[in-house]
Amino acid sequence: MNSEAPLRDSLQTTHLGTRQPRVEDEALLRGLGRYADDIAIPPGTLYAAIVRSPHAHARLKTIDVEPALALPGVRGVLTGEDVQRWAAPFPVGVRQPMAHWCLAVDKVRHVGEPVAVVIAEDRYLAEDALDAVKVDYELLEPVIDPEIATGTESPVLHEAVGGNVVNDRHFVYGEPRGAFEDAAHRLSLKVRYPRSACTPIECYVVLGQYDPAEGGYDVMANFQGPYAIHSVMARALGVPANRLRLRTPPDSGGSFGIKQGVFPYVVMMGLAARKVGAPVKWVEDRLEHLQGASSATNRVTTIEAAFDDEGRVSALRFDQLDDCGAYLRAPEPATTYRMHGNLTGAYDIRHLEVRNRIVMTNKTPTGLNRGFGGPQVYFALERLMQRIAVELEIDPLTVIRRNLVPTGAFPYRCAAGALLDSGDYPGAIDMGVEEGGLATLLERRDAARAAGRLYGIGYTVAVEPSVSNMGYITMALTPEERRKGGPKNGAVSTATISVDPLGGVSVHVSSTPQGQGHRTVAAQVVADVLGVALERIRVDVELDTGKDAWSIASGNYSSRFAGAVAGAVHRAALKVRGRLAAIAAHQWQVAADDVQFADGRLFTLDDRHSAAFHRIAGATHWSPGTLPEGEPGGLRETAFWTPDELTAPDDDERINSSLCYGFIFDYCGVEIDVLTGRVEIDRYVTLHDAGRMLNPQLVDGQVRGAFAQAVGAALYEEFSYGEDGSFVSGTLADYLIPTAMEVPDPTILHMESPSPFTPLGAKGVGEGNNMSTPVCIANAVADALGERIDPAAIELPLTPAKVRGLIGIEEPARPEGVGEADVETASGGGSKLTASDSVEIPASPQAVYDSILDPEVLQVMIPGCHSLELTGDNAYHADVTVGVGMIRARFDARVELTDLDPPHALRLSGAGKSGMGDASGEAKIRLSELGNGHTRLDYDYEFAIGGKIASVGGRMLSSASKLLIGQIFSRLSQQVSGGRIRHSLWQRLTARFHRGGDQ
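Counting from 1, residues in each chain are numbered in the order their sequence is written. Restriction of local features to residues with pLDDT of at least 70 applies here, the model being predicted, together with a cutoff of 80 or more for giving and counting side-chain atom pairs; totals for whole chains, interfaces and linings are based on all residues. Side-chain figures throughout are based on the complete set of non-hydrogen atoms in the structure, without hydrogens or water.

## Details of the overall build of the protein
Right, on to step 1. Secondary structure elements follow DSSP: runs of H or I no shorter than four residues count as helices, runs of E no shorter than two count as strands, and numbering proceeds from the N terminus. Looking only at helices and strands, the protein has 26 helices and 36 strands in total.
Right, on to step 2. A compact globule built from 999 residues would reach a C-alpha radius of gyration of about 30 Å, and the protein, at 32 Å, matches this within 12%.
Right, on to step 3. Projecting the C-alpha coordinates of the protein onto the three principal axes gives extents of approximately 110 × 75 × 55 Å.
Right, on to step 4. Within the span of the protein, comprising 999 residues, buried residues form 61% of the whole.
Right, on to step 5. Contact definition: two residues touch when any of their heavy atoms are within 4.5 Å. Counting only contacts in the protein whose residues sit at least 6 apart along the sequence, the fraction spanning at least 24 positions is 77%.
Right, on to step 6. Total accessible area on the protein stands at roughly 37700 Å², and carbon and sulfur atoms take up 49% of it.
Right, on to step 7. Positive charges are assigned to Lys and Arg, negative charges to Asp and Glu, while His and the chain termini are left out of the count. Charge coordinates come from a single atom per side chain, which is NZ of Lys, CZ of Arg, CG of Asp or CD of Glu. Positive and negative charge centroids in the protein, built from 94 and 127 side chains respectively, lie 3 Å apart. The size measure is the radius of gyration over C-alpha atoms, and the globule rule it meets is 2.2 Å times the number of residues to the 0.38 power. We call a residue buried when its accessible area falls under 20% of the maximum for its residue type, exposed when it is over 50%, and partly exposed in between, using a 1.4 Å probe and counting protein chains only. Only the protein chains shown count as cover for residues, and the accessible areas themselves come from Shrake-Rupley with a 1.4 Å probe.

Set out below in structure tokens:
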């Protein structure tokens, strides 16, 4: 328990618990933030661009870097050969022979996997040189579906493992078999939780330096932690931890979890700097980030409940299949096991059976995403509770109430080991129902349904864990494996406070905030303990492993700041206060306990003694000879804190996976447009018990941020892959993120049940709605649609097209001549587009036919063609640059004219390779003479593209390909007649935005 509680309660608090505006905001609003790309760089810094795989699964045959090295300004190319010489694979969290290097060394396992790094004198030269790196791939069959990947016939990603399931663990708590046998009812539900991402405004930034004198690395990166990954990076670089200095910038343009995934690039850019003997900077672009950074783990869950006639659940079974992508990248399998101790959520369920499997597929490796583990667990659990209510024809909220952990049961030990620290779950629901206006929402539903509209209400309760136990990931290991590796547990937090000679207070925290307001809250904590004004306190949130106090638990993740880091700040402030009180007591000849702190002064309650804070603090610098015995002078204190409650997993496979557990009760009303399928959130109520609120204004901000991200997960966002592993959500035109216009303002309610386990009684609050909101909205949609749907058919995101399918409304056929080219998956990978069109050319069919066969005309016809070399009968080698959206690629191509039927028909085909992907296409051309002597040219074309270019998505690809093909015949007309085809206004406007090559 927390021994500091009495002292904490006795302190005068004038800042904590108040709505203090953020001290960070003025600089950010004035454009004075200092983000990673703003940090000054050393002289001679070079710039990096990364060659990435356009294929989901392929063997690397050869990499030819000589053409790139021959380009002006290119200083070096880092390849897998260099990486194998200087580094090692990253350690993984399970006992399997999987080798994950920072660059591919034998084969690539997902689209966007780094293959080589081009280092040049500026970023533009580096980007331009990517096409000059020639990579020869041997294509292999990919596997995308996690359930298919578990099969024995599936392609294997890591041959040394022998299969794609790299971890399979089974857990039993209580007597679930007996509970299921005795139950009056059993209900099973299979659900799928998709991939989505954090999409911060700022992408990854790394500046790597290598010191050959001591063989060490100095890297600045917008890494967020956990700093356990520092050890992973150091081991990959083959250096002791003190030879990897990792520094973070003062500000971060968002993260929400994903910036833990920058660590492979920390290693990569360190090695790049070693390769060229100079600092190397890399800034990730948005396309790279979406395609190759990280994402939430997609999960397939089969969940089963045993329950009685009243809806009281006695036992649960979970079968969880986690798709972690191509590699099990640290800190995974964090998503699988973060929630393990409290898989039963907010419910008093004593019997539990769990099977956890981790499978590899040819997709981007997964990692932390706001709430990681929670959205996946609660989507299954809370959908199941809603189905139990439907099965028994009981109100869903009644089923929830009957299963809650009862009032007065805290601290409550869950079946799998979590120790729920505090709360009043039934009381919180009563408060949420009354203050949130549930009765009014029920009336709205009744009125809407009476009018024939589709309206539903969804409910969710969730337990939000915070301050992770560093030992929970070892649940992926057997007890025997854990004993061999030694116990892992705890969560050490650190903070340092110093007072300068003029009385200014400086605070450093071992956290890396991304907008939460850590500087504000840390200053509030210190101001209350030392009695100084907020303006006298400076909080430093940059972390430098070479100079600052830190631990493997340092960083900003798992909502650990309020409970752990702010608690460490509090402890450090108490140490400073204790020393200052002793100094004042020595000067005044009073007891140290009689010394008070407030309003920038130290004083005694009898008003006999008083001095300015800076006078007493200054004595430690200006007059150390006057200090009491045992006082060393100088005023700097560092506090390390870890809670006793976070113990290692026991031999019975129980784990208290987090220190604190907040409570969330959500409900919402949604209405579905029966014509469009659009889901509109009519009202959303969310109640949070996050323990003691240190700053209610910041708590509300965290709730709103998580809610907005959760609305995206529920209704808009999904990482989508083709059957061949091509990534088809590669731009913000295809990966939709809600804006302020789409996110309603939730009604936010609060209850405070202080945690007995944290120094300040606070719990985390930044992730909860990402766990509760997606399933709450899904339950509301299920309620609106009623019995007309299969319960398993409720899959996120609930886009209008999906909802229309659930309603049973088929999409109408596209009117002839309206819309885009048809997009489908190409047999060889990527996207395949097909369409037909025609043009009129003012020349005879023979003249048109002869012109197409003329090499000089053909070169002019092909957009972006730099050269065309005859290699055989009507066969050519071409050098072509094509641009689609933001991506330009230079293709080494072949062009052929076949199926010649002069002057009536022929086939124009081509195929090419580039560092950005592969492309192929053909057009069947028919020539018909018109009465005016002109020629009608009809063409049917197919166009297939893969790799990074395909990542721009179907909408942009279809319009771009149509324009490119149209330009071919427009140029043909110009060459034949010297005239110009008159295009429509729409064609002329869109051509301005889709030009590629030398147009």
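Moving on from the coordinates now.
## Here's the deal with helix 20 (residues 696–715)
Right, on to step 1. In this analysis, the expected span of each helix is defined as 1.5 Å times one less than the number of residues it contains. Taking 1.5 Å of rise per residue, 20 residues should cover 28 Å, and helix 20 covers 28 Å from first to last C-alpha, within 8% of that figure.
Right, on to step 2. Summarising burial for helix 20: 15 of the 20 residues are buried, a large majority.

## Focus on the pattern of salt bridges
Right, on to step 1. For salt bridges, the criterion is a side-chain nitrogen of Lys or Arg within 4 Å of an Asp or Glu carboxyl oxygen. Scanning all chains against the criterion turns up 49 salt bridges.
Right, on to step 2. Residues arginine 401 and aspartate 430 are paired through a salt bridge, measuring 2.7 Å at the closest nitrogen-oxygen approach. Residue arginine 401 is located in helix 13 (residues 396–403), and its partner aspartate 430 is located in helix 14 (residues 425–436); the two are separated by 29 residues in the primary sequence.
Right, on to step 3. According to the relative accessible area criterion, arginine 401 is partly exposed, its value standing at 35%.
Right, on to step 4. Each member of the salt-bridge network shares a partner with another, and the members are Glu147, Lys190, Arg192 and Glu795.

## Re the sheet that holds strand 4 (residues 107–108)
Right, on to step 1. Pairing between strands is defined by DSSP: at least two bridges between them are needed. The three strands lie next to each other as 4-2-6, forming an open sheet whose pairing is antiparallel. A single partner strand is all that each edge strand has here, and the edge strands are strand 4 and strand 6 (134–139).
Right, on to step 2. Of the pairings in the sheet, the one linking strand 2 (residues 58–64) to strand 6 comprises six bridges and is antiparallel in character. The partner of leucine 60 across the bridge, within strand 6, is tyrosine 137.

## Observations concerning the state of the cysteines
Should the sulfur atoms of two cysteines be covalently bonded, the bond is a disulfide.
Right, on to step 1. Note on terminology: disulfide denotes any pair of cysteine sulfur atoms within 2.5 Å. Scanning the model with the defined rule gives zero disulfides in all.
Right, on to step 2. Not part of a disulfide, cysteine 324 finds its nearest cysteine sulfur in cysteine 198, a span of 15 Å.
Right, on to step 3. A residue is classified by how much of its surface remains accessible, and cysteine 324, at 0% relative accessible area, is buried.

## Overview of the sheet that holds strand 5 (residues 114–120)
Right, on to step 1. The seven strands are arranged 3-5-1-12-9-10-11 in an open sheet whose pairing can be described as mixed. Edge positions in the open sheet fall to strand 3 (74–79) and strand 11 (244–247), since each of these has one partner strand only. Between one strand and the next, the sheet's axes are offset by a mean angle of 25 degrees, whatever the strand orientation.
Right, on to step 2. Of the pairings in the sheet, the one linking strand 3 to strand 5 comprises five bridges and is antiparallel in character. Looking at the pairing, glycine 76 lines up with isoleucine 119 of strand 5.
Right, on to step 3. In this analysis, axes come from line fits to C-alpha atoms, helices being fitted only over the stretch in contact, and the angle between any two N-to-C directions falls in the range 0 to 180 degrees. Contacts from helix 9 (residues 263–276) reach strand 1 (46–52), strand 3, strand 5, strand 9 (205–211), strand 10 (216–221), strand 11 and strand 12 (280–283), with the element oriented near 45 degrees to strand 9.

## What about the UniProt feature "domain: Aldehyde oxidase/xanthine dehydrogenase a/b hammerhead" (unreviewed entry) in the protein?
Right, on to step 1. UniProt positions are given in the numbering used here, feature names are shortened, and annotations may be inferred rather than shown by experiment. Per the UniProt entry, the sites bearing "domain: Aldehyde oxidase/xanthine dehydrogenase a/b hammerhead" (unreviewed entry) are residues 30–141 in this numbering.
Right, on to step 2. In residues 30–141, helix accounts for 15% and strand for 31%; the two terminal C-alpha atoms are 52 Å from one another.

## Let's talk about the packing of helix 12 (residues 374–392) against helix 21 (residues 768–785)
Right, on to step 1. Remark: helix 12 packs on helix 21, axes separated minimally by 8 Å, with the N-to-C direction vectors making an angle of 30 degrees. With respect to their mutual orientation, helix 12 and helix 21 come out roughly parallel. Considering the relative orientation of helix 12 and helix 21, their crossing is right-handed. Taking contact as the criterion, the partners of Gly374, Pro375, Tyr378, Phe379, Glu382, Arg383 and Gln386 in helix 12 are, on helix 21, Asn770, Met771, Val775, Ala778, Asn779, Ala782 and Asp783.
Right, on to step 2. Gly counts as polar in this scheme, as do all residues outside two lists: the nonpolar Ala, Val, Leu, Ile, Met, Phe, Trp, Tyr, Cys and Pro, and the charged Asp, Glu, Lys and Arg. When the residues that make up the contact of helix 12 with helix 21 are grouped by side-chain class, the tally is seven nonpolar, four polar and three charged. Geometric relationships in this document are graded by angle, where less than 35 degrees denotes roughly parallel, more than 145 denotes roughly antiparallel, 65 to 115 denotes roughly perpendicular, and other angles denote oblique. Definitions for this section: a left-handed crossing has its near helix turned counterclockwise from the far helix by less than a right angle. A right-handed crossing has that turn clockwise.

## Some details on the environment of aspartate 673
Right, on to step 1. Its place among the elements puts aspartate 673 in the loop between strand 26 (658–672) and strand 27 (679–689).
Right, on to step 2. The exposure class of aspartate 673 is partly exposed, given its relative accessible area of 35%.

## Regarding the side chain of glutamate 304
Right, on to step 1. Assignment of secondary structure puts glutamate 304 in strand 13 (residues 298–307).
Right, on to step 2. Among the residues examined, glutamate 304 registers a relative accessible area of 16% and is labelled buried.
Right, on to step 3. A distance of 3.0 Å separates a polar atom in the side chain of glutamate 304 from a polar atom in the side chain of arginine 186.
Right, on to step 4. Apart from residues lying up to four places away in sequence, glutamate 304 is in contact with Phe180, Arg186, Leu187, Ser188, Ala315, Leu316, Arg317 and Leu384. Residues adjacent in sequence count toward polar contacts only when both atoms are side-chain atoms; beyond that, a polar contact is any pair of N or O atoms within 3.5 Å, and within protein one must be able to donate a hydrogen and the other to accept it.

## Let's talk about the packing of helix 13 against helix 14
Right, on to step 1. Across the interface, helix 13 lies against helix 14 with an axial gap of 10 Å and an inter-helix angle of 155 degrees. Taken together, the axis directions place helix 13 and helix 14 in an arrangement best described as roughly antiparallel. Taking contact as the criterion, the partners of Leu397, Ile400 and Arg401 in helix 13 are, on helix 14, Pro426, Ile429, Asp430 and Val433.
Right, on to step 2. Its residues assigned to classes, the contact of helix 13 with helix 14 comprises five nonpolar, no polar and two charged.

## Remarks on the environment of leucine 328
Right, on to step 1. The residue leucine 328 is located in the loop between strand 14 (313–323) and helix 11 (334–337) in this model.
Right, on to step 2. Residue leucine 328 is classed as buried on the basis of its relative accessible area, which comes to 2%.
Right, on to step 3. Each C-alpha atom of the pair leucine 328 and valine 166 lies 8.8 Å from the other, and the pair is 162 residues apart in sequence.
Right, on to step 4. Filtering out sequence-adjacent residues up to four positions away, leucine 328 remains in contact with Val92, Gly93, Val94, Met98, Pro333, Ile358 and Met360.

## Observations concerning the pairing of strand 1
Right, on to step 1. The buried count for strand 1 comes to six of seven residues, which makes it a mostly enclosed element.
Right, on to step 2. Across two bridges, the pairing between strand 1 and strand 12 is parallel. The residue of strand 12 that forms the bridge with leucine 46 is valine 280.
Right, on to step 3. Two strands pair when backbone bridges link them, and strand 1 and strand 5 are joined in this way by six bridges, in the antiparallel orientation. Bridge pairing in strand 5 places arginine 52 opposite proline 114.

## Notes on the packing of aromatic side chains
Right, on to step 1. Working definition: rings of Phe, Tyr and Trp (its six-membered ring) pair if their centres are within 6.5 Å, and the pair is stacked with planes under 30 degrees apart, edge-to-face with planes over 60 apart, and tilted otherwise. Applying the stated criterion across every chain yields a total of 19 aromatic pairs.
Right, on to step 2. Both rings, one in phenylalanine 410 and one in tyrosine 425, keep their centres 5.0 Å apart while their planes meet at 65 degrees; by these two values the pair is edge-to-face. Placement of phenylalanine 410 in the loop between helix 13 and strand 16 (412–413) and of tyrosine 425 in helix 14 is noted, with a sequence separation of 15 residues between them.
Right, on to step 3. Consider the rings of tyrosine 684 and phenylalanine 707, whose centres lie 4.8 Å apart with planes at 55 degrees: the pair is tilted. Here tyrosine 684, found in strand 27, pairs with phenylalanine 707, found in helix 20; they are 23 residues apart in sequence, far enough to count as distant.
Right, on to step 4. Looking at tyrosine 684, the relative accessible area reads 2%, which means it is buried.
Right, on to step 5. One aromatic cluster in this structure is built from Phe719, Tyr721, Phe727 and Tyr735.
Right, on to step 6. Geometrically, a lysine NZ or arginine CZ counts as sitting over a ring once it is within 6 Å of the ring centre and also within 35 degrees of the ring normal. For arginine 85, the ring lying beneath its charged end belongs to tryptophan 86, and the centroid distance is 4.7 Å.
Right, on to step 7. When the ring centre of phenylalanine 180 is taken as origin, the NZ or CZ atom of arginine 317, which lies over that ring, is 4.0 Å away.

## Some details on a negative patch on the surface
Right, on to step 1. Here, patches come from residues exposed beyond 30% relative accessible area and free of salt bridges, joined within 9 Å for like charges and within 5 Å for nonpolar side chains (Val, Leu, Ile, Met, Phe, Trp, Tyr). Taken together, the side chains of Asp593, Asp594, Asp606 and Asp607 present a region of like negative charge at the surface.
Right, on to step 2. Residue position: aspartate 593 is located in the loop between helix 18 (561–588) and strand 22 (595–598).

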